[in-house]
Amino acid sequence: QVQLVESGGGLVQPGGSLRLSCTASGNFPSGNPMAWHRQTPGKQRELVANFNRGRDTNYADSVKGRFTISRDSSGRTVYLQMNSLKPEDTAVYFCSATSYGRDYWGQGTQVTVSS
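Residues numbered from 1 in each chain as written. Predicted model: local features only at pLDDT ≥ 70, side-chain atom pairs only at ≥ 80, totals over all residues. Heavy atoms only, no water.

Tallying secondary structure elements over the chain gives zero helices and 11 strands in all. Relative to the 2.2 N^0.38 estimate, which gives 13 Å for 115 residues, the radius of gyration of the chain is 13 Å and therefore close to what a compact globule would have. Taking the principal axes of the C-alpha coordinates as reference, the chain spans close to 40 × 25 × 20 Å. Counting the 115 residues in the chain, one finds 42% classified as buried. In the chain, 53% of the contacts between residues at least 6 apart in sequence involve partners at least 24 apart. Carbon and sulfur atoms form 46% of the exposed surface of the chain, whose accessible area is close to 6,000 Å². The positive charge centre, built from 12 side chains, and the negative charge centre, built from 8, are 3 Å apart in the chain. (Helix = DSSP H or I, 4+ residues; strand = E, 2+ residues; numbered from the N terminus. Rg over C-alpha atoms; globule rule 2.2 N^0.38 Å. Buried < 20%, exposed > 50% of the residue type's maximum accessible area, 1.4 Å probe, protein only. Contact = heavy atoms within 4.5 Å. Areas by Shrake-Rupley, 256 points an atom, 1.4 Å probe, with all protein chains shown as cover. Lys, Arg positive; Asp, Glu negative; His and termini not counted. Charge placed at Lys NZ, Arg CZ, Asp CG, Glu CD.)

Our focus in this paragraph is the packing of aromatic side chains. Going through the model one piece at a time under the given rule, you end up with zero aromatic pairs. For the cation-ring pair, Arg71 lies above Phe51, with the distance from its terminal atom to the ring centre recorded as 5.0 Å. (Phe/Tyr/Trp six-rings, centres within 6.5 Å; stacked < 30°, edge-to-face > 60°. Lys NZ or Arg CZ within 6 Å of the ring centre and 35° of its normal.)

Everything listed here is a matter of coordinates, which is why it stays silent on function.
Structural data, given as structure tokens:
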């Protein structure tokens, strides 16, 4: 089993910044794939950014140049730095991690971009 704990969501004005963090514990090999997703009511969950094995990263087109995914030296904490936030970035953000062929999900953290 893998446990994921997320933090860092909140309310921010358009153009502002937030940093989300997610820490994996339990049976999670350091450096395994981790990702951030988001979901708004009535829409499917979408991938925002992810780490494949190693340091390869991918971003949704809608966040390229504004969001940056990174991870700490332990390989078990992943961050999502979100800059130049827009109202359309408002969503519940979920962290995911893959361990031994199974995906695990965090509880989600709300990000609201509004003036």
